[in-house]
Amino acid sequence: MGRWEGNNNDEWKRDINQEKTESVSSQFSLSIDNPISLEPKFFYNHLTKKMDIAVQDDNNFLYLFSNTGNLFWKKKLSNPIIGKINQVDIFNNKKNQMAFNTLDDFIVLDRNGRKVSPLKIKLSKSKTINPISIFDYDQNKKYRFLISSENQISMYDKKAKKVKGFKFEKTSSKILFPPKHIRIKNKDYIVLQLSNGILKIIDRRGKDRIKVKEKIDFSNNEVYLYRNSFTTTDKNGNLIQVDLKGNVFKTPLKLSNDHKINMTTKTLVTLSENILTIKGVPVILPYGNYTSPQIFYFNDTLYISVTNIDSSKVYLFFSSGKLVNGFPVYGNSSVDISNIDSDKNLELVVKSEKDSFILYEIPQ
């Protein structure tokens, strides 16, 4: 069982070598017709080999812009997108589509904003439907689309047909987060967090793969794969790790009731009140209302981002806890980071005013 550890020295040393950047700079700011309801996200353009920017407003219009700010199209949807926009390659031909769900629809759009047939699934109306879960078990584009609401799950294939081999349909209580696929040592696990404290871990067919030996008082955080264990936190601020035999291990972290977490397989990030802890290294932030920490990985370098909504400041750190040169910058949402053009520099996009977003460049 891999218990919690503070630093991974090899990863930390590699990251330190990358901590050389010039100052971040803004590239452009764009306004849309109505207030932003879904923050901007980068979307790969298979024609240009660069990144576009997708964003939705509160009148349910979805927009797609180029990486230089030109509007390709805007499309009216029936309802707000729930969760995030996922990127898929339905036809396995290196042409990408957007996949997402609303309250009453699961939709796949091509890069021209057209619905991909037959991938349109009408959903039973529910006020508590989760964001869509998309699994690609073997990285071969044989997608599985999981729709979960209340205590029910439906799994569909790329032709919008229910997967006959998946027999699991109902849970004993409400599903708190979208089902998550985790692979450990070539075995697949589907993880469900339930409101009654059960962590249900099933296989591809819906059968129990691991029976967790005790209930967990889940915090408002998902389960992650961390050091070969299923890892999350509870409401008492403990780190909770479940091994492959279903044993539950608790490590006191003394986190606040409304703490936030994020993880990679070797990196744990927590945000408790104004203390951001990255691989055991605490960073003291100004007090405020923060977004959940995000983790990005580029060129052997880990970046951790949080945004103080109260002060409209975006912070970006290396995994050593050092602030990236030029930060904080102005912003009012979670961010997306990628290399969106042909140069070596990274770009960051974030909501700025209520109806606008801004693109920054981060020199490398």
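Residues numbered from 1 in each chain as written. Predicted model: local features only at pLDDT ≥ 70, side-chain atom pairs only at ≥ 80, totals over all residues. Heavy atoms only, no water.

With that settled, consider the overall build of the protein. The secondary structure content of the protein amounts to one helix and 31 strands. Taking 2.2 N^0.38 as the reference for a compact globule, 364 residues should give roughly 21 Å; the C-alpha atoms of the protein span a radius of gyration of 20 Å, in line with that estimate. Counting only C-alpha atoms and orienting by the principal axes, one finds that the protein spans roughly 50 × 50 × 35 Å. The 364 residues of the protein split such that 55% are buried. By sequence separation, contacts in the protein at least 24 residues apart represent 44% of the contacts at least 6 residues apart. With an accessible surface of roughly 17,000 Å², the protein has 46% of that area assigned to carbon and sulfur atoms. Counting 56 positive and 39 negative side-chain charges, the protein places the averaged centre of each group 8 Å from the other. (Helix = DSSP H or I, 4+ residues; strand = E, 2+ residues; numbered from the N terminus. Rg over C-alpha atoms; globule rule 2.2 N^0.38 Å. Buried < 20%, exposed > 50% of the residue type's maximum accessible area, 1.4 Å probe, protein only. Contact = heavy atoms within 4.5 Å. Areas by Shrake-Rupley, 256 points an atom, 1.4 Å probe, with all protein chains shown as cover. Lys, Arg positive; Asp, Glu negative; His and termini not counted. Charge placed at Lys NZ, Arg CZ, Asp CG, Glu CD.)

In this section: empty space enclosed by the protein. Within the structure shown, the criterion is met by one cavity of 30 Å³ or more. If you add up the space inside the largest cavity, you get close to 50 Å³. Residue lining of the largest cavity: Phe177, Pro178, Lys180, Val191, Leu192, Gln193, Glu222 and Val223, and that is the complete set. With three residues, the top contributor of residues to the lining of the largest cavity is strand β14 (residues 187–193). (1 Å grid on protein atoms, 1.4 Å probe; cavity = no way out; pocket = protein on both sides within 12 Å on 5 of 7 lines; lining within 4 Å. Points joined across faces, edges and corners; volume = space filled by probe spheres on them.)

Before going further, it helps to spend a moment on the packing of aromatic side chains. Counting across every chain of the model gives nine aromatic pairs. For the pair Tyr290 and Tyr315, a centre-to-centre distance of 6.4 Å together with 50° between the ring planes defines the contact as tilted. Placement of the pair is Tyr290 in the loop between β24 (281–284) and β25 (294–298) and Tyr315 in strand β27 (residues 313–318), with a sequence separation of 25 residues. When sorted by exposure, Tyr290 lands in the same class as Tyr315, which is buried. (Phe/Tyr/Trp six-rings, centres within 6.5 Å; stacked < 30°, edge-to-face > 60°.)

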